[in-house]
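Architecture and fold: a report
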Amino acid sequence: MFAISIFKGRDKKNNKAIIEALSLHGGMTIWEITRSVKRGELKREPGAREVQRLYPTIFRCIKGSSKGGGVRTRGLESLGYVEALGTRVSKGREVPVYSLTLR
């Protein structure tokens, strides 16, 4: 049996939670994804501070991160599992709405 590479390593739990949240709720912004993941962990509605603490981790899992020396780790978006479908206006700014791909 083969294990998909996004479900290995230190981001295994977060990637699984992101995929699960997007499959259940459809297109969401990164903030909404983070709130949904945190809600699953706490079994209650999370406060803004709790969501703010997890937001950079979820952002890194979706977009990837740049490390020193120009090396960039790939996120779910660059691997083709998540795509930005459109934008939504939030607090006067346009933020991307992410959804799962067929992959």
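See above for the structure.
Rules of the game
Residues numbered from 1 in each chain as written. Predicted model: local features only at pLDDT ≥ 70, side-chain atom pairs only at ≥ 80, totals over all residues. Heavy atoms only, no water. Pairing = 2+ DSSP bridges. Helix = DSSP H or I, 4+ residues; strand = E, 2+ residues; numbered from the N terminus. Salt bridge = Lys/Arg side-chain N within 4 Å of Asp/Glu carboxyl O. Buried < 20%, exposed > 50% of the residue type's maximum accessible area, 1.4 Å probe, protein only. Phe/Tyr/Trp six-rings, centres within 6.5 Å; stacked < 30°, edge-to-face > 60°. Core = buried A, V, L, I, M, F, W, Y, C linked by side-chain atoms within 4.5 Å. Contact = heavy atoms within 4.5 Å.

Right, let's talk about the pairing of strand β4 (residues 93–100) for a bit. With eight bridges connecting them, strand β3 (residues 82–90) and β4 associate as antiparallel partners. Residue pairing for β4: T87 is matched across the bridge by P96. Linking β3 back to β4 in an antiparallel pair, the connection comprises two residues, with K91 at a positive phi of about 55 degrees.

Inspection of the entire model under this criterion finds seven salt bridges. Notably, a salt bridge pairs R60 with D11, separated by 2.9 Å at the nearest N-O pair. Of this pair, R60 sits in helix α3 (residues 48–63) while D11 sits in the segment before α1 (12–25); the two residues are 49 residues apart in sequence, bridging distant segments of the chain. Note on D11: relative accessible area 17%, which makes it buried. Notably, a salt bridge pairs R44 with E50, separated by 2.8 Å at the nearest N-O pair. Since its relative accessible area comes to 43%, R44 is described here as partly exposed. When its relative accessible area of 18% is taken as the criterion, E50 is described as buried. Put simply, R35, R39 and E45 are held in one network by salt bridges that share partners.

Moving on, we get to the packing of aromatic side chains. Counting across every chain of the model gives two aromatic pairs. Each ring, one from W31 and one from Y55, has its centre 5.9 Å from the other, and the planes form 40 degrees; the classification is tilted. Of this pair, W31 sits in helix α2 (residues 30–42) while Y55 is found in helix α3, placing the two residues 24 residues apart along the sequence. By relative accessible area, W31 is classed as partly exposed at 32%. The class of Y55 is partly exposed, set by a relative accessible area of 28%. Through a chain of ring-to-ring contacts, the aromatic side chains of W31, Y55 and F59 assemble into a single cluster.

Ranked by size, the top nonpolar core spans 17 residues in total, and within it I18, I33, I58 and I62 carry the most contacts. When residues of this core are traced back to their parent elements, those giving at least two are α1, α2 and α3. The contact partners of I62, leaving out residues within four places of it in the chain, are I18, I30, I33, G75, L76, E77 and Y98.

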